[in-house]
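Structural characterization, general
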Amino acid sequence: MAPAGSTTTATVSLIFFLLTLSPITAVKSCTVADRNALLAFKSALTESQFGIFKTWRGADCCKSWYGVHCDPSTKRVTEISLRGESPESSVPTLEKMGRSGYMTGVISPAICKLDRLSTIIIADWKGISGKVPTCVTTLSFLRVLDLVGNQLSGPIPYNIGRLHRLTVLNFADNQINGVIPSSIVQMSSLMHLDLRSNKITGAIPTEIGNLKMLSRALLSKNLISGSIPSSLSKIYRLADLDLSENRLSGSIPESFGRMPVLSTLNLDMNKISGEIPTTLMSGSGLSILNLSRNALEGKIPDVFGERSYFTALDLSHNNLKGPIPKSISSASYIGHLDLSHNHLCGPIPTGSPFNHLEASSFMNNDCLCGSPLKKCT
């Protein structure tokens, strides 16, 4: 009888020998499940102008399927990138047809079976309708969700906050309605939020300041109401804030003028009242400030100085009173200035920037005078 030790050694040797006879085969094509999910996604859409889905054929969806990208080692589908306005030159027929596509149908929930997706871009096709599938919130690897420029309706998925890795959320130029889900404040990686030109109602979540990585928040042209959350000023990286053309009321948070990198603030065409915070004018770092078409009152803060640098400053169509501050002349730079349609009175200061402004910048006030308007008497 052979010793136990020699039997074990022989067994291990046999296993090793068998493994050498069966070389490990690398993954060469996408999985059947991913391919079937893509075909189900495709079946819910119609695009005849460019024929991009004609490239979706063959067993390997990782090879030459337009807009589909896979992980090179696992061959799992990681990206769907379909843009109607700027198609890639890799499909010659798109270049021949121009740079504007049209696609109809809906985004099938089958897309959610592609559970390794990090990027979904289905943008600027103009005719895609239906709702955003709620199951997209289960795609835990998702970093980019860009559905701009379609006809999508219905609400933003209520548990969108589950997407902790998402950096870009773009639903702009659709027909999205309902409120901004409160769970959105849990998206700790979000850097770019674009919900412009929809039918979103309700208030901005008060804890939106929890989005510490956010650099752009674009919510204009909706039906958003309520006050402007002061917590927005806690977002250190926020550089571009656009809340224009909504139904916001209340006052402008004074803390906005102390935001370290905020360069663009558009609050025009709302129902904002109260006075203009002095911090916005005294060199806060803002270069574009549009507060026009609101119900702002009081005087324009006389706090301009060398740190005040505005490429555009629009305070028109409000209820501002008093004189134009002389300190505006001490600003480092003011390109476009519009003070029209207020209740301002007194002489227009001389020097820069007033020497290059037209009369339209001062029209329809109570009693302004001096160049470029009529002389003061």
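Residues numbered from 1 in each chain as written. Predicted model: local features only at pLDDT ≥ 70, side-chain atom pairs only at ≥ 80, totals over all residues. Heavy atoms only, no water.

**Observations concerning the UniProt feature "domain: Leucine-rich repeat-containing N-terminal plant-type" (unreviewed entry) in the chain**
The sites that carry the UniProt feature "domain: Leucine-rich repeat-containing N-terminal plant-type" (unreviewed entry) are, in the present numbering, residues 34-71. This span, residues 34-71, is 26% helix and 13% strand, and a straight line between its end C-alpha atoms measures 12 Å. (UniProt positions renumbered as here; feature names shortened; annotations may be inferred. Helix = DSSP H or I, 4+ residues; strand = E, 2+ residues; numbered from the N terminus.)

**Re the state of the cysteines**
Taken as a whole and judged by the stated rule, the model has five disulfides. Covalent S-S linkage joins Cys345 and Cys367, the inter-sulfur distance amounting to 1.4 Å. Taking the sign of the torsion about the S-S bond as the criterion, the disulfide between Cys345 and Cys367, at about -110°, is left-handed. Of the two residues, Cys345 sits in strand E24 (residues 343-347) while Cys367 sits in strand E25 (residues 367-369), which places them 22 residues apart along the sequence. In this model Cys369 forms its disulfide with Cys376; the gap between the sulfur atoms is 1.9 Å. With the S-S dihedral at roughly 95°, the linkage between Cys369 and Cys376 falls on the right-handed side. According to the relative accessible area criterion, Cys376 is partly exposed, its value standing at 37%. (Disulfide = S-S within 2.5 Å. Buried < 20%, exposed > 50% of the residue type's maximum accessible area, 1.4 Å probe, protein only.)

**Section: the sheet that holds strand E19 (residues 288-290)**
Read across the sheet, 12 strands follow the order E2-E3-E5-E7-E9-E11-E13-E15-E17-E19-E21-E23 without closing on themselves; strand pairing throughout is mixed. The sheet terminates laterally at strand E2 (68-70) and strand E23 (333-338), the two strands that pair on one side only. Recorded for the sheet is a direction-independent mean angle of 10° between the axes of neighbouring strands. Pairing geometry for strand E7 (residues 144-146) and strand E9 (residues 168-170), over three bridges, is parallel. By the bridge assignment for E9, Val144 is matched with Val168. On the sheet, helix H2 (residues 32-43) packs against E2, strand E3 (77-83) and strand E5 (119-123) and is oriented at approximately 20° with respect to E3. (Pairing = 2+ DSSP bridges. Axes fitted to C-alpha atoms, helices over the stretch in contact; angles between N-to-C directions. Contact = heavy atoms within 4.5 Å.)

**Description of the pairing of strand E18 (residues 271-275)**
Inspection of the sheet shows strand E16 (residues 247-250) paired to E18 by two bridges, in the parallel sense. In the sheet register, Gly250 faces E18, and the bridge partner there is Ile272. Judged from the three bridges that link them, E18 and strand E20 (residues 295-297) form a sheet pairing that is parallel. Looking at the pairing, Ser273 lines up with Ala295 of E20.

**Re the nonpolar core**
The biggest cluster of nonpolar side chains holds 96 residues, and the ones touching the most others in it are Ile111 and Leu169. Not counting residues within four places of it along the chain, the set of residues in contact with Ile111 comprises Phe41, Ile80, Leu117, Ile120 and Ile122. Ranked by size, the runner-up nonpolar core spans five residues in total, among them Ile121, Ala123, Val148 and Ala172. (Core = buried A, V, L, I, M, F, W, Y, C linked by side-chain atoms within 4.5 Å.)

**Re H2**
A rise of 1.5 Å per residue sets the reference length of H2, with its 12 residues, at 16 Å; its end C-alpha atoms lie 16 Å apart and thus fit the reference within 8%. Turning to H2, its buried residues are Asp34, Ala37, Leu38 and Phe41. Within H2, the buried residues cover an arc of 100° as seen down the axis, which keeps them to one side. Projecting away from the buried face of H2 at angles above 90 degrees are the exposed residues Val32 and Ser43. Tucked into the core, H2 has its buried residues touching strand E1 (45-46), E2, E3 and E5. (Expected span 1.5 Å × (residues − 1). Arc of directions from axis to C-beta.)

**Considering unusual backbone geometry**
Cis peptide bonds are those with omega within 30 degrees of zero, and the linkage from Ser352 to Pro353 qualifies with 0°. With respect to the element layout, Pro353 can be found in the loop between E24 and E25. The omega torsion of the bond from Ser371 to Pro372 falls at 10°, within 30 degrees of zero and hence cis. With respect to the helices, strands and loops of the structure, Pro372 is situated in the segment after E25.

**Some thoughts on the pairing of E3**
Across the seven residues of E3, five count as buried, placing the element largely inside the fold. Both E2 and E3 contribute to a ladder of three bridges, which runs antiparallel. Directly across from Val68, in E3, lies its bridge partner Ile80. Between E2 and E3, which pair antiparallel and follow one another directly, the connecting turn spans six residues, one of which, Lys75, has a positive phi of 60°. As defined by bridge partners, E3 adjoins E5 across five bridges and the pair is classed as parallel. Bridge pairing in E5 places Leu82 opposite Ile122.

**Comments concerning the sheet that holds strand E12 (residues 199-201)**
Strand order in the open sheet formed by three strands is E8-E10-E12, and the pairing between neighbours is parallel. Edge positions in the sheet fall to strand E8 (153-154) and E12, since each has one partner strand and no second. Sheet topology note: the E8/strand E10 (residues 175-179) ladder contains two bridges and is parallel. The partner of Ser153 across the bridge, within E10, is Gln175.

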